[in-house]
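Per-entry structural report
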Amino acid sequence: MNARRLRQAFLGLLLLAPASGHAWPLDGYADTGIRRVEGSRLANEGQVRDVRQPPGALLPTSAVDLRLTGHRSLEPPAPDPEFTASVVRLLGSEADRYGIAVLDLTDPQRPRYAEHRGDHQQNVGSVGKLVVAMALFQALADTYPNDTEKRRAVLKNTQVTADEFAHWDHHTIRLFDPATKTLVRRPVRDGDRGSLFEWLDWMLSVSSNSAGSMVMREAMLIRQFGARYPRPDSEIEQFFRDTPGRELTALFDRTFVEPLTRNGLDVAMLRQGSFLTAEGKQLVSGVGNSYGTARELMRLLLRMEQGRLVDEWSSRQVKRLLYMTERRIRYASSPALADSAVYFKSGSLYDCEPEPGFNCGPYRGNVRNYMNSVVIVESPASGRRLHYAVTLISNVLRKNSAATHQALAADIHRLVEGMHAGAAPAAR
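Calculation rules
Residues numbered from 1 in each chain as written. Predicted model: local features only at pLDDT ≥ 70, side-chain atom pairs only at ≥ 80, totals over all residues. Heavy atoms only, no water. 1 Å grid on protein atoms, 1.4 Å probe; cavity = no way out; pocket = protein on both sides within 12 Å on 5 of 7 lines; lining within 4 Å. Points joined across faces, edges and corners; volume = space filled by probe spheres on them. Buried < 20%, exposed > 50% of the residue type's maximum accessible area, 1.4 Å probe, protein only. Helix = DSSP H or I, 4+ residues; strand = E, 2+ residues; numbered from the N terminus. Pairing = 2+ DSSP bridges. Disulfide = S-S within 2.5 Å. Contact = heavy atoms within 4.5 Å. Arc of directions from axis to C-beta. Salt bridge = Lys/Arg side-chain N within 4 Å of Asp/Glu carboxyl O.

Bringing empty space enclosed by the protein into the picture now. Per the counting criterion, the structure on display carries one cavity of 30 Å³ or more. Roughly 40 Å³ of volume is contained in the largest cavity.

Rendered as structure tokens:
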């Protein structure tokens, strides 16, 4: 294969957190109907053969909650020069290849903020699925503004069938049958059915692009039909087939872009501009590029912790969907975080071209090597002596960015620990 064809083969290959680990607390099956959660719970008890969770992933649903509802007016303060300098030193000689924000919320009366290249913008890959989740919860809240139980019923009881919007994605999802206690891992196929809650879980827990595009389809349908949602599969197919393209694009904008502004976020700094699968992009033209910055992603996480992402109920559901109860990866896989409750999303994008003596591969691009992570850490999970958030985007070429993010996680954790040596546990 010549150099041009090799570069084209790699160009645009999006790696959006394969086998990534987040999602609902392990006791949440009864409330949500997410079968994957029940499978993970049984695996942790040794009844199903699957990944077992570290201590920080074992909180019950009641303990996975918003921590800043009493500090709703809090915004990231001006960057602390000393704190920022300490963070930049951790980045080493390639600091100019990073954008990072660290917000220490251990004492919410005296937060400390570090930021380096916080306005640096790049495609944040699967981290954009946070925007998708927010958009769906915004559409639900607009439909049922005073009825959270109805919203929960829609999430739990609506059955969604995979169709061409899910084409294609190599990332596997966990299909668990609670009756037979059997677990299958494979990519999404046409005809796969799950509740809307399960599609959200598949989108965030294993970062399935297929699931992400199905969630995007459903968010648009909720925005379009309101209380008449859900609609029969035949009507859904007809709607997307017969609606003029410009009207679908306008609906896309109302569904995924306008809610950012309504939630106090800057669409010039954060946007999910298209569907997450190739066929989804063909069926509905989006509004352009997708991108994010460390600073705006930090503002999104802060709003979630404050209950200001859509509303308090929606913020709580999103945070629980981000709670890691699958295999921890990348930044979140650091052993330093094993006893911490971790709320996490990551995404990557790499391109390669031939280079003598260099073997290109996942997370090791030599043209671009984007790795993006957002994380909230409560450490230890049982006591929450520390509470901080990190948003991180990087483009360090030729290095395994998954490994560099993992190492950086340990360094940042030690830094924050040192800032609070001897401090009492945070109040619940």
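Once that is clear, we can look at the pairing of strand β6 (residues 173-177). Of all five residues making up β6, four are buried, and the element is well covered by its neighbours. In this sheet, strand β7 (residues 182-186) lies alongside β6 in antiparallel orientation, the contact comprising five bridges. Within β7, the position partnered with Asp 177 by the bridge is Thr 182. Counted between consecutive antiparallel strands, the loop separating β6 from β7 contains four residues, among which Lys 181 sits at a positive phi close to 55°.

Applying the stated criterion across every chain, the model contains one disulfide. The disulfide partner of Cys 352 is Cys 360, and the S-S distance across this bridge is 1.4 Å. As the torsion about the S-S bond is roughly -45°, the Cys 352-Cys 360 disulfide counts as left-handed. With a relative accessible area of 2%, Cys 352 lands in the buried category.

Time to look at unusual backbone geometry. Note that the residue after His 167, namely Trp 168, is joined by a cis bond; omega there is -15°. When you line up the elements, Trp 168 lands in the loop between β5 (159-161) and β6. Ser 379 connects to Pro 380 through a cis peptide bond whose omega is -15°. Here Pro 380 shows up in the loop between β11 (368-379) and β12 (386-395). Its identity as a non-glycine residue notwithstanding, Arg 384 has a phi of 50°, on the positive side. Tracing the backbone shows Arg 384 in the loop between β11 and β12. Overall, Arg 384 belongs to the buried group, its relative accessible area being 3%. Backbone geometry places Arg 398, a non-glycine residue, at a positive phi of 70°. Structurally, Arg 398 is set in the loop between β12 and α14 (401-419).

Burial runs high along helix α3 (residues 35-44): eight of the 10 residues are buried. Turning to α3, its buried residues are Arg 36, Val 37, Glu 38, Gly 39, Ser 40, Leu 42, Ala 43 and Asn 44. Buried residues along α3 sit against α2 (29-32), β6 and α7 (196-205).

Our next topic: helix α9 (residues 233-242). For α9, the set of buried residues is Ile 236, Phe 239 and Phe 240. When α9 is viewed along its axis, its buried side chains cluster within an angular range of 85° and face the same direction. Within α9, the exposed residues directed more than 90 degrees away from the buried face are Ser 234 and Arg 241. Where α9 is buried, its residues contact α8 (209-225) and α10 (245-262).

Before going further, it helps to spend a moment on the environment of Glu 235. Topologically, Glu 235 is positioned in helix α9. Under the relative-accessibility criterion, Glu 235 is labelled partly exposed at 24%. Taking the C-alpha atoms as reference points, Glu 235 and Lys 181, separated by 54 residues in sequence, lie 34 Å from one another.

Enumeration over the complete set of coordinates arrives at 31 salt bridges. Here Glu 75 ties to Arg 299 by a salt bridge, and the two come within 4.0 Å at their closest N and O atoms. Here Glu 75 is found in the loop between α3 and α4 (81-91), whereas its partner Arg 299 is found in helix α12 (residues 294-306), with 224 residues between them in sequence. Residue class for Arg 299 comes out buried when judged on its relative accessible area of 18%. Through salt bridges with shared partners, one network takes in Glu 75, Glu 296, Arg 299, Arg 303 and Arg 308.

That is the geometry; function is a separate question.
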